[in-house]
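What follows is each chain in one-letter form.
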Amino acid sequence: MCGIVAYVGDKQAYPILIKGLHRLEYRGYDSSGVAILNGKLNLYKRKGKVNQLEDFVENKDINGTIGIAHTRWATHGQPNDENAHPHFSQNQDLAIIHNGIIENYVSLKEELISRGHKFLSETDTEVLIHLIEDIQDNEKLDLAESVRVALNQVVGAYAIAVISKDESNKLIVAKNGSPMVIGIGDNDFYVASDATPIVEYTRKVIYMEDGEMAILEKGKDIILKSVKNIIHTPYFQELTMSLDALEKGGYEHFMLKEIFEQPISIRETMRGRLRLGQGIVNLGGITEYKNKLMNAKRILMIACGTSWHAGLVGEYLFEELTRIPVEVEYASEFRYRNPIITEDDVVIAISQSGETADTLAAIKMAKEKGATILGICNVVGSSIPRETHAGSYTHAGPEIGVASTKAFTSQVTLLTMMALMIAHEKGSITNSRHQQLLNALDAIPNQIEEVLKTNDFVKEVALLYKDSKNALYLGRGYNFPVALEGALKLKEISYIHAEGYPAAEMKHGPIALIDEQMPVIVIAPKKGHYDKLVSNIQEVKARKGKVIAIVTKGDTEVRNMADHVIEIPEVEELLVPLVATIPLQLFSYYIAVMRDCNVDQPRNLAKSVTVE
Ligand code: F6R
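From a predicted model like this one, the values you see are computed outputs, not experimental measurements.

Cut-offs used in this document
Residues numbered from 1 in each chain as written. Predicted model: local features only at pLDDT ≥ 70, side-chain atom pairs only at ≥ 80, totals over all residues. Heavy atoms only, no water. Helix = DSSP H or I, 4+ residues; strand = E, 2+ residues; numbered from the N terminus. Rg over C-alpha atoms; globule rule 2.2 N^0.38 Å. Buried < 20%, exposed > 50% of the residue type's maximum accessible area, 1.4 Å probe, protein only. Contact = heavy atoms within 4.5 Å. Areas by Shrake-Rupley, 256 points an atom, 1.4 Å probe, with all protein chains shown as cover. Lys, Arg positive; Asp, Glu negative; His and termini not counted. Charge placed at Lys NZ, Arg CZ, Asp CG, Glu CD. Pairing = 2+ DSSP bridges. Axes fitted to C-alpha atoms, helices over the stretch in contact; angles between N-to-C directions. Near = heavy atom within 4 Å. Polar contact = N/O pair within 3.5 Å; in protein donor to acceptor, adjacent residues only side chain to side chain. Nonpolar A, V, L, I, M, F, W, Y, C, P; charged D, E, K, R; others polar. Domains from an automatic or database assignment. Phe/Tyr/Trp six-rings, centres within 6.5 Å; stacked < 30°, edge-to-face > 60°. Lys NZ or Arg CZ within 6 Å of the ring centre and 35° of its normal. Core = buried A, V, L, I, M, F, W, Y, C linked by side-chain atoms within 4.5 Å.

Draft legend 1. View of the overall build of the protein. Each helix and strand counted, the protein has 19 helices and 27 strands in total. For the protein, whose C-alpha radius of gyration is 25 Å, the value lies close to the compact-globule estimate of 25 Å for 612 residues. With respect to the three principal axes, the spread of C-alpha positions in the protein is 80 × 50 × 45 Å. Going through the 612 residues of the protein one by one, you find that 62% of them count as buried. Long-range contacts, defined as pairs at least 24 residues apart, comprise 71% of the intrachain contacts of the protein with a sequence gap of at least 6. Surface accessibility of the protein: about 23000 Å² in total, with carbon and sulfur atoms responsible for 47%. One way to put it: in the protein the 65 positive side-chain charges average out to a point 2 Å from where the 80 negative ones average out.

The following block contains the structure:
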């Protein structure tokens, strides 16, 4: 987690850094800070959000054309002013920002303390900058070389940027396990944890590789090398991201904007891939691995959180369409339980950010054991796509709200396309069924536009339940993962306790919770176990629970039983998750807004979970 941004060049650094921090605030928001060189090394940091830092630096000296900045999600030490980044070295001549964890910081710290170093914070990062200065002083090395030598003593994950009073045109950056992008300007360099702070200044970027460091000096070419001191040739890439995607565009929150963007984001996921005229799905990124996937003995979907829910939908899709057995695994469990993995397994890693530490570690492990690893990620150039053998990007566009919405529906869309492609190749579904499903998938964005028209009604229902203490979400088959996702959305942004359950499991425990205070959200479309769901709704009503049902347009049976019904268009059973998810996202959103919660930045969360 944590967001880092740095600049060296001709422009004033502060406005670039502070704007960059706002763009990266989704990565962590418990404290932030900035250090700017201007003869002196001015360092300001504050507990709280980036705008608290902005208030703090008002009337302070923020001049300078080189600087580093950080927004934090606490790992070592509480979120307070001292633990906020940047950190000074012992003599206060150097400053550092860091995203990641230095695992051997305790032994390094003891060693430095024995040599007279005094620390002001509880962080691992401060240890690293003291170590760099210690090496510089003792071995009489320049800044870049001292950083390099220090990094060879460090175990752990890092993306760091370091500046020094004595080398005032130079920014040293390095990466291992945490993301880092360098933007190449005309006479300047921009550095950030992702491309969002960079895109308005330059589109030419380098995504750093693990074990690399760079020396960025105003007016000079970049020097890229390994921390083992081998010079690397930079690989420049062009950013395609649009700036509009990074703004709220008139919506009150990013989350609401992203919910409403879903017709577009799903179209983007399908663009050029779902070819109705030819009757095919073409996923260029995985063509080479099509046979491997078709002949897989087993598919493992590995993910965390919302992406794991997308994987569950994927399990139903792949097993129904391709008849290949699928297992869906929480990355954090999978990586620590010595799972059986063979060369005939195909792992599909699903991740919006492409940076989730557990997912990354799990696929590294599966790769070592010989499995083929495919990725479904949203953030281009992130770590997971670079660790996989092949994959497809979701192309949902930047998702800035911490609660995932459009990324989920794009992941499900991509999984549907993948399953259809394999099923068609294998012949596990008929040509006519394949074409029928392609047509149905193609119609989904328009159908989501229809669902979004329920917005005002969903808001009215939300008002009635905003003070609930608990909520239960029920679904069967394809809609069981939708129930899980609905519950996760509600709890993470409104802090109401919510649980998702397979509807039939209600009788085995959760039914005991039901009383007149308990909203039960039931996904009950006409296709897929409808009669069974009707019985489940009756069971809830018999216990005086309040039922909010998601039903197919025109449904009358559930309407007569439920307290509220929200209609979705009639779609193929296997596509219902794509439309049924939308009202649940809106419901959570409005409840959170009505409870005055910070919808885009819920407490304790961060969008990229780069620590395990
Ligand atoms: C929930 C949410 C998280 C993420 C999870 C995995 O709204 O956003 O549960 O889904 O942290 O993140 P990615 O998909 O980036 O691997």
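Draft legend 2. Geometry of the sheet that holds strand β3 (residues 40-47). With respect to topology, 8 strands assemble into an open sheet ordered β3-β2-β4-β1-β10-β9-β11-β15, the strand pairing being antiparallel. Every other strand in the sheet has two partners, leaving β3 and β15 (237-238) as the edge strands with one partner each. For strand β2 (residues 31-38) and β3, the ladder comprises 8 bridges, and the chain directions are antiparallel. Pairing of Ala35 across the sheet is with Leu43, part of β3. The sheet strands contacting helix α1 (residues 13-24) are β1 (3-8), β2, β4 (66-72) and β10 (189-192), and the helix crosses β1 at an angle near 160°. The strands touched by helix α2 (residues 50-57) are β2, β3 and β4; relative to β3, the strand with the most contacts, the crossing angle is about 135°.

Draft legend 3. View of the site of the ligand. The full set close to the ligand counts 15 residues, and Ser307, Ser351, Ser353, Thr356 and Glu492 are the nearest of them. Between Ser351 and the ligand, the recorded distance is 2.6 Å, taken from a side-chain N or O atom to an oxygen atom. Contact between the ligand and Ser404: an oxygen atom at 2.9 Å from a main-chain N or O atom of the residue. Listing elements by their share of the shell around the ligand, those giving two or more residues are α9 (305-322) and α16 (479-494). For the shell around the ligand, the residue count by class is 5 nonpolar, 8 polar and 2 charged. The residue makeup of the shell around the ligand includes at least three contributed by each of domain 2 (247-450) and domain 3 (453-598).

Draft legend 4. Local environment of the packing of aromatic side chains. Under the criterion given, the structure shown has 6 aromatic pairs. An aromatic cluster is present here, built from Tyr7, Tyr190 and Tyr201 joined pairwise through their rings. A cation over a ring is seen here: Lys204 above Phe236, with NZ or CZ 4.5 Å from the ring centre. Above the ring of Tyr495, the side-chain terminus of Arg603 is found at 3.8 Å from the ring centroid.

Draft legend 5. Fine view of the nonpolar core. In this structure, Ile299, Met301, Phe318, Leu441, Ile444, Tyr473 and Phe587 are the most contacted members of the largest nonpolar core, which totals 91 residues. When residues of this core are assigned to domains, at least three map to each of domain 2 (247-450) and domain 3 (453-598). In this structure, Tyr473 is in contact with Ala483, Gly486, Ala487, Leu490, Ala498, Glu499, Gly500, Tyr501, Ile521, Leu584, Phe587 and Ser588, ignoring residues within four places of it in sequence. In terms of nonpolar packing, the next biggest core, distinct from the first, is built from 31 residues, Leu17, Ile198, Tyr207 and Ile400 among them.

Draft legend 6. Molecular detail of the environment of Asp55. Note that Asp55 resides in helix α2. Residue classification places Asp55 among the exposed residues on the basis of a relative accessible area of 55%. Taking C-alpha positions, Asp55 is 52 Å from Val281, a pair spaced 226 residues apart along the chain.

Draft legend 7. Structural view of the sheet that holds strand β27 (residues 564-568). With parallel pairing, the 5 strands of this open sheet are ordered in space as β24-β23-β25-β26-β27. Single-partner strands in this sheet number two, and they are β24 (497-502) and β27. Adjacent strand axes in the sheet meet at a mean angle of 20°, parallel and antiparallel pairs treated alike. Both strand β23 (residues 470-475) and β24 contribute to a ladder of 6 bridges, which runs parallel. When the bridges of β24 are listed, Tyr473 appears paired with Gly500. Strands β23, β25 (519-524) and β26 (546-552) of the sheet are contacted by helix α17 (residues 530-542), whose axis makes an angle of about 170° with β25.

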